[in-house]
Amino acid sequence: MASRYQWITLADFRGGRNATDDPLSVGENQVVEMRNGDTYRTGLFRKRGGATAPAIGSAFTGVISSLIAHQPGNNPAAAELWGVDNAATPIFGRMAAAATFSSQTLTDNLTPATDAVNVRGASYNGKLFLAYNSAQDRLHCYDPGLATPRVRRVGLATPSAPTVANTGAGTYAAVIRYYRQRYRIKNGAVVVAQSEPSASTSFTPSGTGTAARVTKSAALSEEETHWVVEGSADNVTFYELSEIVVATTTYDDSATVGSYTTNPISAVLGAYTVPKSVKYVIAAFNRVLGMGTWESGNPQSRVYYTPARATSDKGDDERVPDTVNVRNFFDIDEGTGGDGTGFAGPIYGAVYVFKYSQIRKVLPTGGSNPVFDVIEVSLTRGAVEQECISVGEDAEGRPAIFFLDSQVGPMIVGPVPPTIIGEGVRDQWDVVNLAATTKLGWVKDYPAKGQVWFAWATGSNNDPNILAIYTKKTGGWQVWDTGGKLRTGRAVVLFARTPGATMSRDKVIYVADSGANNKLLRADTTDTDDDGTTFQAIVKTKPYAWNNGKPMRTTTPWVVAKAASGVTLTITADLDMGRDTQTATISLTADGTEARVYRRVEGLDFAGATFVQLQIGDAAAIANSWQIERIYVPVTPEDAGP
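Here's what I pulled together on the structure shown here. (Residues numbered from 1 in each chain as written. Predicted model: local features only at pLDDT ≥ 70, side-chain atom pairs only at ≥ 80, totals over all residues. Heavy atoms only, no water.)

Before going further, it helps to spend a moment on the layout of surface pockets. Of the pockets and cavities examined, the second largest pocket occupies roughly 380 Å³. Here the residues of the lining of the second largest pocket are counted per class, giving 11 nonpolar, seven polar and three charged. (1 Å grid on protein atoms, 1.4 Å probe; cavity = no way out; pocket = protein on both sides within 12 Å on 5 of 7 lines; lining within 4 Å. Points joined across faces, edges and corners; volume = space filled by probe spheres on them. Nonpolar A, V, L, I, M, F, W, Y, C, P; charged D, E, K, R; others polar.)

This paragraph deals with the sheet that holds strand 39 (residues 489-496). Within the open sheet, the four strands sit side by side as 6-41-40-39. Their pairing is antiparallel. In the strand order of this sheet, the two ends are held by strand 6 (50-52) and strand 39, each with one partner. Ignoring which end each strand starts from, the neighbouring axes of this sheet average 35° apart. Of the strand pairs in this sheet, strand 6 and strand 41 (residues 520-525) are connected by two bridges, and their pairing is antiparallel. The residue of strand 41 that forms the bridge with Gly50 is Thr525. (Pairing = 2+ DSSP bridges. Helix = DSSP H or I, 4+ residues; strand = E, 2+ residues; numbered from the N terminus. Axes fitted to C-alpha atoms, helices over the stretch in contact; angles between N-to-C directions.)

Relative to strand 48 (residues 605-609), strand 43 (residues 552-555) is paired through four bridges, and the arrangement is antiparallel. Paired with Arg553 across the two strands is Ala607, which belongs to strand 48. Judged from the three bridges that link them, strand 43 and strand 50 (residues 627-637) form a sheet pairing that is antiparallel. When the bridges of strand 50 are listed, Thr554 appears paired with Val635.

Relative to the helices and strands, Asp445 is located in strand 35 (residues 441-446). Residue classification places Asp445 among the buried positions, given a relative accessible area of 5%. Side-chain polar atoms of Asp445 contact the side chain of Lys472, separated by 2.7 Å. (Buried < 20%, exposed > 50% of the residue type's maximum accessible area, 1.4 Å probe, protein only. Polar contact = N/O pair within 3.5 Å; in protein donor to acceptor, adjacent residues only side chain to side chain.)

Take the environment of Val384 next. By the element assignment, Val384 lies in the loop between strand 30 (372-378) and strand 31 (389-393). Sequence separation between Val384 and Gly409 is 25 residues; the distance between their C-alpha atoms is 9.3 Å. Setting aside residues up to four positions removed in sequence, Val384 forms contacts with Thr341, Tyr356, Leu404, Asp405, Ser406, Leu434 and Leu440. (Contact = heavy atoms within 4.5 Å.)

One pass over the full model with this rule turns up 19 aromatic pairs. Centre to centre, the rings of Phe285 and Phe372 are 5.8 Å apart; their planes meet at 50°, and the pair counts as tilted. You can see Phe285 sitting in the loop between strand 23 (280-284) and strand 24 (287-291) and its partner Phe372 sitting in strand 30, a full 87 residues away along the chain. Accessibility expressed as a relative area gives 22% for Phe285, which makes it partly exposed. (Phe/Tyr/Trp six-rings, centres within 6.5 Å; stacked < 30°, edge-to-face > 60°.)

Rendered as structure tokens:
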């Protein structure tokens with residue numbers, strides 16, 4: 001006699017988690033819960049990899065709160081990893097040609113320590129430009145070209161005026177002239193940075209000397225290597241008379257005033273204005289761009305930009321001209337849409353500028369006035385903060401930006417207008433803590449897996465406590481919201497899986513452990529726990545009504561899974577939305593050498609149910625690894641009538 005049972009095959013959960021819609025509206029390839037696992041290279045579900053805490057040295061004494069990947073040149077094997085901790089005096093650590101961090105010397109310390117979560121960086125021209133809060137209204141950079149490399153202020157402050165006196169005995173003409181000075185940082189013949197000129201000093205030689213002796217003013221103590229004497233006949237147009245090493249404190253001018261014009265003309269006032277202490281920084285279009293400032297009273301949606309490289313060949317990446325005719329900044333609707341919150345790009349030839357509730361894209365015009373076109377993208381969507389913006393690619397390989405909007409959570413922009421993608425985790429975003437006082441969240445594209453990792457704080461948490469994984473190819477979501485440590489990372493970076501004298505070129509996600517000092521977690525490893533902390537993985541299906549809403553009977557499902565020695569999974573059948581439950585277990589230990597096991601789920605045999613949900617996974621948090629690939633369920637109607 002033929003069997004009355006119809007075999008139902010569950011083979012595709014790649015639509016991911018949907019705990020937002022009512023259970024009966026969940027898509028055919030979706031589930032109501034998918035925790036601590038994903039669908040990477042499987043149709044159903046696999047438990048996620050764990051994380052390990054690599055030995056990173058003892059540079060940090062507090063919680064690592066910011067992470068920055070720096071590539072000083074074109075060689076990925078020479079990449080550097082930077083971190084900043086929240087010690088009372090925050091430590092900046094640098095991992096270069098090594099697997100451990102070394103603490104760095106700073107001209108200006110970060111203050112207060114609570115702002116250690118807000119250190120941002122941009123690699124350009126061999127330097128790492130660092131935007132952070134300090135006692136100085138200045139952008140900073142790590143300059144490897146210094147005699148003793150360190151984190152210094154970008155540009156040079158304006159010096160005081162030089163002093164001038166007669167020297168020697170002779171007939172140097174008593175003609176009035178004007179002197180001023182600048183400071184420079186030079187690396188060989190390259191002018192790395194240059195200051196604005198000092199105020200001028202007028203001087204009329206006595207007529208009985210041999211020269212006018214110009215004595216430089218007090219040192220800036222900003223790593224300057226040279227000073228420049230400028231002279232003028234009218235106190236309007238100045239010329240560069242001489243460049244002198246700072247160890248030589250005087251310059252004797254015996255030239256006639258009329259000969260000054262044979263020297264290079266000096267830059268106009270304001271051409272070497274130093275970059276402010278911006279909150280956000282990005283390198284694009286052969287320039288450095290910054291936005292907002294740490295100093296109160298300054299516009300928080302103003303974008304500053306340096307001249308294009310080689311505009312003057314004198315520290316172009318360390319100046320923001322503000323002259324009578326050239327002002328290298330523009331405002332993004334200051335006073336509306338909240339403050340600026342970050343940059344992303346460039347993609348499609350544009351840098352995207354985010355505010356809390358607005359988005360613009362900035363494109364170079366190719367001209368000098370204006371330098372940029374600013375195009376409206378959205379007046380309603382924005383990003384909650386810089387760390388919640390990540391550049392990557394969409395499912396078709398097109399450049400894209402993923403970000404967290406304050407109202408709707410995960411979004412994408414670039415190949416499409418700002419588009420919501422977080423429906424599968426909207427229930428988790430509904431409890432986001434937008435007032436988190438430490439770090440609201442972060443976003444990181446993970447190319448190796450075709451995923452984007454979104455983390456945010458919920459409830460009363462002030463650090464992220466949920467990690468939501470978006471699979472670009474399928475649009476499916478998984479959540480890592482209980483157990484483990486990865487979900488509580490304070491900072492994130494994509495960096496070499498194997499750091500050392502030569503950095504490996506395969507990249508993996510690292511997060512900074514918010515619960516421990518001086519600890520990084522390397523994610524997506526073969527570990528079965530997160531640095532010793534276990535987690536529970538489960539997947540729960542939608543309610544199935546396999547008899548068109550009429551009672552049915554199911555008995556002894558079968559599961560196909562990867563063989564896993566010593567692993568036991570718990571399977572629970574939820575009947576009619578919680579009316580009754582049945583539980584059974586299966587072992588994934590192979591009988592022999594088979595790579596896959598085919599297990600009958602003894603003990604699940606129920607009748608009279610209209611809806612059936614199955615949950616499969618760990619009974620509790622445990623260190624193990626497993627993957628299920630098919631579930632077969634035999635079903636027979638109990639009532640063949642209408």
